[in-house]
Amino acid sequence: MLRTRPSSLLRPPTHSFSISRYSTAASTKTQPLPSSPSTPTASSTHSHQSHPHPTTHRPTQNALKDQLRALLRATAQPVAVITSLMPRGAHSHFPHAKDSKCRYHGATLSSFSSISMDPYPLVSFALRIPSRMAVSLGPTQSDVEEGNKPIMTINLLSQHQPHTAHLFSRPDLHPEPFSSVTYTLSPDGLPVLDDSLAAITCELVGGPIPLHDLEYLEGRSTLPKRWEREGGGVSSELFIARVIRVEDVRLQNGEGERVPLIYHQRGFTYCHPEQLPIKPTNTN
């Protein structure tokens, strides 16, 4: 049984996507060419075949985005809040945060995934740009000189924390979210949110990967282009980080079983603790 929270608590994540139907042109059948001694057979050319060319029947970008948004809204996603230290002066770049005195920054992630366990435990997440979190994870001059890597704590939220997800998703409405939640500090001095399902501290393994520059992603350019916001558009950067520690989480809501908070169809949901996991069917 699923329990759903009101969808108004959190505006749709930047990277949630969906699906609608579109028509495709009918395909035409072609007759295979007759083989001859001068015409190589499929088996003789197998090692020399190139990848098939993508079909020219593609939806428009807007139609494709609508389809993908609907598809991913139907797929439950974990909800996480990333916390970091805010470099001095970074608040001044964002109007709703100019008066903030908090040395920490946090943001609700709309894209988070574990991508590797061996040989190194790696996770990935995406951030909208421009954003204070993207700025806070940028290396300072002293970091570059001393060879330090930016670190952050990723708090995986539990069923008790839909309000926490909302607080950290709307900096325009909640410029001081840390004043409304309780937390402890990790050995690195980063906030670990109370009652989270789990928390991990990570360090970036490299700089952000710009998701707006297709030429750079495809290897056709060695330097990424700077994001130029046009017509109210948005972009994101992808970060890859190495997990260096699993943190202890303080519990304020008792010792009961905690289950992950998930985002599904524009609302918060969680699996009931009494619901048994589905076991795979033995097909042998």
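Anything mentioned here points back to the structure above.
Residues numbered from 1 in each chain as written. Predicted model: local features only at pLDDT ≥ 70, side-chain atom pairs only at ≥ 80, totals over all residues. Heavy atoms only, no water.

Draft legend 1. Just unusual backbone geometry, in detail. Along the chain, Asp118 connects to Pro119 via a cis peptide bond; the corresponding omega equals 0 degrees. With respect to the helices and strands, the residue Pro119 is situated in the loop between strand 5 (112–116) and strand 6 (122–129). Not every positive phi belongs to a glycine, and Asp195 is a case in point at roughly 70 degrees. Along the chain, Asp195 falls in the loop between strand 9 (191–193) and strand 10 (198–204). Within the chain, Gln265 stands out as a residue other than glycine whose phi angle is a positive 50 degrees. (Helix = DSSP H or I, 4+ residues; strand = E, 2+ residues; numbered from the N terminus.)

Draft legend 2. Spatial organisation of the packing of aromatic side chains. In this structure the tally under the stated criterion is 6 aromatic pairs. A connected cluster of aromatic rings, assembled from ring pairs, spans Tyr104, Phe168, Phe178 and Tyr183. (Phe/Tyr/Trp six-rings, centres within 6.5 Å; stacked < 30°, edge-to-face > 60°.)

Draft legend 3. Structural detail: a nonpolar patch on the surface. A grouping of Leu211, Leu214 and Leu217 is seen on the molecular surface, where their side chains present a nonpolar patch of about 270 Å² in accessible area. Among the structural elements, Leu211 can be located in the loop between strand 11 (209–210) and helix 5 (214–217). (Patch = residues over 30% accessible without salt bridge, like charges linked within 9 Å, V, L, I, M, F, W, Y side chains within 5 Å. Areas by Shrake-Rupley, 256 points an atom, 1.4 Å probe, with all protein chains shown as cover. Salt bridge = Lys/Arg side-chain N within 4 Å of Asp/Glu carboxyl O.)

Draft legend 4. Inspection of the pairing of strand 4 (residues 104–109) at higher detail. Counting buried positions over the 6 residues of strand 4 gives 6, a clear majority of the element. Of the two faces of strand 4, the one holding Tyr104, Gly106 and Thr108 and the one holding His105, Ala107 and Leu109 are both buried throughout. Two strands pair when backbone bridges link them, and strand 3 (residues 80–85) and strand 4 are joined in this way by 6 bridges, in the antiparallel orientation. Among the inter-strand pairings, Val81 is bridged to a residue of strand 4, identified as Thr108. (Buried < 20%, exposed > 50% of the residue type's maximum accessible area, 1.4 Å probe, protein only. Pairing = 2+ DSSP bridges.)

Draft legend 5. Highlighting the pattern of salt bridges. Applying the stated rule across the entire model yields 7 salt bridges. Asp66 is the salt-bridge partner of Arg69, the closest N and O atoms lying 3.6 Å from each other. Residue Arg69 and its partner Asp66 are both found in helix 1 (residues 61–73); the two are separated by 3 residues, about one turn of the helix. Residue Arg69 is classed as partly exposed on the basis of its relative accessible area of 30%. Here Arg245 makes a salt bridge to Asp188, at a shortest N to O gap of 2.3 Å. Note that Arg245 is positioned in strand 12 (residues 235–246) and Asp188 in the loop between strand 8 (183–185) and strand 9, a separation of 57 residues in sequence.

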